[in-house]
Amino acid sequence: MHVRFFSRLFPLSLSTLFLGMSASGAHAYLDAGTGSMILQVLLGGIAGLLIAGRLYWHKFLSLVGLRRDPPQTDEAKDEPVVESQPRADR
């Protein structure tokens, strides 16, 4: 299994090395629009990670064992609702 993986990995890495050595330098620039787009993607990713972390922080602490789940009260239990008046669709 490992021999097959390494036999495919070596030619791929060797060809990538040769391709990287043969590439010439590009005379290009990043304008303000590209820079602001990169900044926006980075800030959006950080904001998304922070929101996801905030949503799952309690579950993470419970998983690690630093916080226990609060006990359920009697109101939180699922009890059937008794209807006092007949429904209109009957």
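Going along each chain's sequence as written, the residues are numbered from 1 onward. Side-chain atom pairs in this predicted model are given and counted only at pLDDT of 80 or more, local residue features only at pLDDT of at least 70, and totals for whole chains, interfaces and linings cover all residues. The side-chain figures draw on all heavy atoms in the structure; neither hydrogens nor water molecules are used.

Visitor: What am I meant to see in the overall build of the protein here?
Guide: Helices and strands together make up the secondary structure of the protein, namely 2 helices and 0 strands. Three labels apply to residues, based on accessible area from a 1.4 Å probe with only protein chains included: buried if under 20% of the type maximum, exposed if over 50%, partly exposed otherwise in between. Here the protein holds 90 residues, and the buried ones make up 1% of them. Each accessible area is a Shrake-Rupley result for a 1.4 Å probe, and residues are judged covered by the shown protein chains and nothing else. Counting every atom, the protein has about 9,400 Å² of accessible surface; 65% of that belongs to carbon and sulfur. Here a helix means four or more residues in a row that DSSP labels H or I, a strand means two or more in a row labelled E, and each is numbered from the N terminus.

Visitor: Explain a nonpolar patch on the surface here, please?
Guide: Residues Phe 10, Leu 14, Leu 17, Phe 18 and Met 21 make up a contiguous nonpolar surface patch of roughly 540 Å² in combined accessible area. Here Phe 18 is to be found in helix H1 (residues 2-22). Only residues whose relative accessible area exceeds 30% and that form no salt bridge enter a patch; like-charged residues are grouped when within 9 Å of one another, and nonpolar side chains (Val, Leu, Ile, Met, Phe, Trp, Tyr) when within 5 Å. For this analysis, a salt bridge means a side-chain nitrogen from Lys or Arg found within 4 Å of a carboxyl oxygen belonging to Asp or Glu.

Visitor: It is not clear to me how helix H2 (residues 32-64) should be interpreted in this structure. Could you clarify?
Guide: What sets the pattern is the α-helix's 3.6 residues per turn: residues three or four places apart point alike. One fewer than the residue count of a helix, multiplied by 1.5 Å, yields its expected span. Here H2 contains 33 residues, and its C-alpha end-to-end distance of 44 Å stays within 8% of the 48 Å for a straight helix at 1.5 Å per residue. The bend at a residue is defined as the angle formed between two axes, one fitted to the seven residues ending at that residue and one fitted to the seven starting there. Along H2, the largest kink reaches about 55 degrees and is centred on Tyr 56. Just downstream of H2 lies Gly 65, where phi reads positive at about 105 degrees.

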